[in-house]
Amino acid sequence: MVWLLYIAREPVPPPQAGAPIAPSGAVQIDAIRTALTAGVGVGGAVALLLAFRRQRHSEETSILVHQATLASEADALERRTTELYTSAAEQLGSDKAPVRLAGLYALDRLGQDTASQRQAVVGVLSAYLRMPYEPLRDPYSRRLEGTSLLLPQWIEKELASRHPPEEVGTAQASPSASEGKEDESARSAREELEVRRTAQHLLGSHFRKIGHQEDLSNYWTEVENVDLRGADLVDFELRECLVPNVNFAGARFYGHTRFEQSIFTSARFENATFEGFVSFSFARFEETPSFAAIKFAGPADFGGALFDTAMMFIQSYFGGSVDCSFTKSVKEATFIQVWFGGPASFKSFEGSVRFLRCRAAYDCKHNWPSGWELNQPQPDGQALLNPID
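We now turn to the structure provided with this report. This is a predicted model, so every value here is computed, not measured.

## Quick notes on the sheet that holds strand β4 (residues 245–247)
- Read across the sheet, three strands follow the order β1-β4-β8 without closing on themselves; strand pairing throughout is parallel. One side of each edge strand has no neighbouring strand; the edge strands of this open sheet are β1 (225–227) and β8 (267–268).
- Where β4 lies against β8, two bridges are found, and the strand directions are parallel. Residue pairing across strands places Val246 opposite Ala267, the latter belonging to β8.

Given below as structure tokens:
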């Protein structure tokens, strides 16, 4: 471009003889025009390059800022989660019931807002319910104190090891205790019962209800396991729920326990004790549940329940009535060393059934499956259940 400008300002030599005369002004104007056009093009290219570099730098800076923001938010969320857990744990350890209730609701809110923490929240709620607790005894529980002469020897031994004679009734104040201390103890027991019922409610409220079409955001599908081994549960309810893998081994159920119309993926109940009424009516078990060494002090209702694989009770005790009417077992139902202390009904039972070394109270009105009957009673009022020849 500079060269073109230089040419434009050079004087035009005089024409030779006989040659055509070129207009000198036109040549210079063309040179200037060409130089300016080239300059504008080069300047535009430089401007575009600078603009591109600025845009790229701006985008890279924006990405770095966004990544830093995300990292900061993640750190803040982690700190908030840790703080909430720490605060809730301190609240659950308080000796004041309102503070413990606040801790339960804080955990529940954390799980509702943060899906990745829901399994951990369920673990904390379950751990609280596994803490030692001595509720008021259910009227049916007298059948489990070894006072009945009809209790089999293996049940009496196990109950004696769990409830030594000197410990029975320890929930009551001693005669020497002052009236003020007795009132304080009773009030504390009522408050703790309210806290535990709240924990049970919060735990059960996040299992999806079968057939319900309301907002599903309250249901925690991320929860895969519920560990309630050895827990003391009062008026426990999981009705019409899709229940994940749940472990009730060694748990003690007081009052009314209700599992009606729920679907259990996997359930363990070995060594559990039901000191009140329990209902599994129209419940469904996708895998064979573990019903071993269970004690039912009150009525037990399995009417209409469905066992996708098999139904099996081993070394268990039914102190009250048991209803297995219209119960369905896809493969078979097996009862091994089971004692029926109250009326047993297997009316319209669907599926093959076996009773191995089972006993029943002879003076109760039973409705056994076709092909089974009681032998003559023994002096203690019990009778063996055998197939009809």
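After presenting the structure, the write-up continues.
## Details of the packing of aromatic side chains
- For the structure on display, the rule yields 43 aromatic pairs.
- Judged by centre distance (6.3 Å) and plane angle (80 degrees), the rings of Phe253 and Phe259 are edge-to-face.
- The exposure class assigned to Phe259 is buried, which follows from its relative accessible area of 0%.
- On the numbers, 6.4 Å between centres and 80 degrees between planes, the contact of Phe274 with Phe280 is edge-to-face.

## Regarding the side chain of Asp301
- Its location among the elements puts Asp301 in strand β14 (residues 300–301).
- Here Asp301 occupies a buried position and makes no salt bridge, while the nearest side chain of opposite charge, Arg258, is found at 8.4 Å.
- Within the structure, Asp301 has its side chain in polar contact with the backbone nitrogen of Gly303 (distance 2.8 Å).
- Non-local contacts of Asp301, meaning those with residues more than four positions away in its chain, are made with Phe277, Val278, Ser279, Phe280, Ser281 and Asp323.

## Regarding the sheet that holds strand β6 (residues 257–258)
- Read across the open sheet, the five strands follow the order β6-β10-β14-β18-β21; overall the sheet is parallel. Where the open sheet ends on each side, the last strands, each with one partner, are β6 and β21 (344–345).
- In this structure, strand β18 (residues 322–323) lies alongside β21, joined through two bridges in parallel fashion. The residue bridging Val322 from the neighbouring strand is Ala344, located in β21.

## A closer look at the environment of Phe349
- On the secondary structure map, Phe349 appears in the loop between β21 and β22 (350–356).
- We classify Phe349 as buried; its relative accessible area is 14%.
- Taking the C-alpha atoms as reference, Phe349 lies 6.7 Å from Pro369; in sequence the two are 20 residues apart.
- Look past the residues within four positions of Phe349 in its chain and what remains in contact with it is Met311, Cys324, Phe326, Thr327 and Ala333.

## Describing a nonpolar patch on the surface
- Together, Val42, Val46 and Leu50 make up a nonpolar patch on the protein surface, roughly 260 Å² of accessible area in all.
- You can see Leu50 is positioned in helix α2 (residues 24–92).

## What about the pattern of salt bridges?
- Scanning the entire structure with this criterion turns up 15 salt bridges.
- For Arg196, the salt bridge goes to Glu192, with nearest N and O atoms at 3.5 Å. Linking Arg196 with Glu192, this pair stays in helix α6 (residues 179–204), spanning four residues, or about one helical turn. The same class applies to Arg196 as to Glu192, namely buried.
- We note a salt bridge from Asp235 to Arg197, for which the minimum N-O separation is 2.6 Å. One end of the pair, Asp235, is in the loop between β2 (232–234) and β3 (242–243); the other, Arg197, is in helix α6, and 38 residues separate them in sequence.
- For Asp235, a relative accessible area of 31% gives the class partly exposed.
- Arg197 sits in the partly exposed class, given a relative accessible area of 34%.

The rules behind the values
- Residues numbered from 1 in each chain as written.
- Predicted model: local features only at pLDDT ≥ 70, side-chain atom pairs only at ≥ 80, totals over all residues.
- Heavy atoms only, no water.
- Pairing = 2+ DSSP bridges.
- Helix = DSSP H or I, 4+ residues; strand = E, 2+ residues; numbered from the N terminus.
- Phe/Tyr/Trp six-rings, centres within 6.5 Å; stacked < 30°, edge-to-face > 60°.
- Buried < 20%, exposed > 50% of the residue type's maximum accessible area, 1.4 Å probe, protein only.
- Lys, Arg positive; Asp, Glu negative; His and termini not counted.
- Salt bridge = Lys/Arg side-chain N within 4 Å of Asp/Glu carboxyl O.
- Polar contact = N/O pair within 3.5 Å; in protein donor to acceptor, adjacent residues only side chain to side chain.
- Contact = heavy atoms within 4.5 Å.
- Patch = residues over 30% accessible without salt bridge, like charges linked within 9 Å, V, L, I, M, F, W, Y side chains within 5 Å.
- Areas by Shrake-Rupley, 256 points an atom, 1.4 Å probe, with all protein chains shown as cover.

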